[in-house]
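Tertiary structure, described
Here are the chains, one letter per residue:
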Amino acid sequence: MKRTIILMMTAIFLCSGMTCMNASQSNSKAEAPITREESDKAFMAQIEKNAEFYAALNGYLAEKIGSQYAPGELCIPCPTVVASVPQDDGTQHVLGDFWVFNYNVVGDTLKTVSGGSHPGAMILKKTDKGYEVISFEQVEDGSNNLASAKRIFGDMYEAFHSINSDEETREQVRSLFIAKYVKDNKLPVKFYQDFGWPAREIPAL
């Protein structure tokens, strides 16, 4: 039987600044709120733990999707995984809300050139060199958007919709992927900025 692994990386943030309940406590006492720093560290720990998995997602998104937009000096994907489902043939069926952004480096700021959302389902297989994306079915645009999203995500559609519509959490996740890219590539930047919006500080990792 196939086993569904729900990653829901953004769930880490849904308790940020809120009081979360510990189900193991019979008296249902509230725990202390999770701080932004704690949630950031927990998120990045999961990314590092699944480094090969995310390297495959980001590599595909940068090469196959980011290259279709107006080019920038660099591309930093922002994949939010809704669920990863191991298949009987050894592949991994990955449902996600996948974003890509191209940037130029201007002084100490990453200026957004282009980008967009590409939710859908990727099929990954494990190789000697790590994971490889072998196919990607995207949610359709226009009048077929809702129908194709419900077909692709199936019983995970509500989870996807919750993530896709949560702009605040998505921006927080995006800032962490940017921070990791900046740290890994030793870029001398401190901010990122979308056109027409104030610059945002890149978190320190």
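Okay, the layout of surface pockets next. In this model, the largest pocket occupies a volume close to 300 Å³. Looking at the lining of the largest pocket, the elements with two or more residues in it are β3 (92-106) and α6 (167-184). Considering every element that reaches the lining of the largest pocket, the biggest residue donor is α6, with 5 residues. Residue composition of the lining of the largest pocket, grouped by class: 5 nonpolar, no polar and 7 charged.

Consecutive side chains along a regular strand alternate between the two faces of the sheet. Sheet topology places β3 next to strand β5 (residues 120-127); 5 bridges connect them, and they run antiparallel. Opposite V94, over in β5, you have M122 as the bridge partner. Pairing of β5 with strand β6 (residues 130-138) involves 8 bridges; the strand directions are antiparallel. In the sheet register, K126 faces β6, and the bridge partner there is Y131. What sits between β5 and β6 in their antiparallel hairpin is a turn of 2 residues.

Moving on: the packing of helix α2 (residues 36-49) against α6. Where α2 contacts α6, the axes come no closer than 11 Å and their chain directions differ by 60°. Relative to α6, the element α2 lies oblique. For the element pair α2 and α6, the recorded crossing hand is right-handed. Residue-level inspection shows R36, S39, D40, F43, M44, I47 and E48 of α2 in contact with α6, the latter providing Q172, V173, S175, L176, F177 and K180.

Right, let's get into the environment of K125. With respect to the element layout, K125 can be found in strand β5. Exposure remark for K125: the relative accessible area of 34% places this residue in the partly exposed category. Each C-alpha atom, one on K125 and one on P86, is 9.8 Å from the other, the two residues being 39 residues apart in sequence. The residues touching K125, leaving out its near neighbours within four places in the chain, are T91, G130, Y131, E132 and I134.

To continue, consider the pattern of salt bridges. Oppositely charged side chains are able to pair whenever their charged atoms sit close together. Counting across every chain of the model gives 9 salt bridges. A salt bridge links K41 to E37, with the shortest nitrogen-to-oxygen separation between them at 3.3 Å. Here K41 and its partner E37 are both found in helix α2, 4 residues apart, which amounts to about one turn of the helix. Classification of K41 by relative accessible area gives exposed; the value is 56%. R151 is the salt-bridge partner of E137, the closest N and O atoms lying 2.6 Å from each other. Taken together, the residues E137 in strand β6 and R151 in helix α4 (residues 145-153) connect sequence positions 14 residues apart.

Cut-offs applied
- Residues numbered from 1 in each chain as written.
- Predicted model: local features only at pLDDT ≥ 70, side-chain atom pairs only at ≥ 80, totals over all residues.
- Heavy atoms only, no water.
- 1 Å grid on protein atoms, 1.4 Å probe; cavity = no way out; pocket = protein on both sides within 12 Å on 5 of 7 lines; lining within 4 Å.
- Points joined across faces, edges and corners; volume = space filled by probe spheres on them.
- Helix = DSSP H or I, 4+ residues; strand = E, 2+ residues; numbered from the N terminus.
- Nonpolar A, V, L, I, M, F, W, Y, C, P; charged D, E, K, R; others polar.
- Pairing = 2+ DSSP bridges.
- Axes fitted to C-alpha atoms, helices over the stretch in contact; angles between N-to-C directions.
- Parallel < 35°, antiparallel > 145°, perpendicular 65-115°, else oblique.
- Left-handed = near helix turned anticlockwise from the far one by under 90°.
- Contact = heavy atoms within 4.5 Å.
- Buried < 20%, exposed > 50% of the residue type's maximum accessible area, 1.4 Å probe, protein only.
- Salt bridge = Lys/Arg side-chain N within 4 Å of Asp/Glu carboxyl O.

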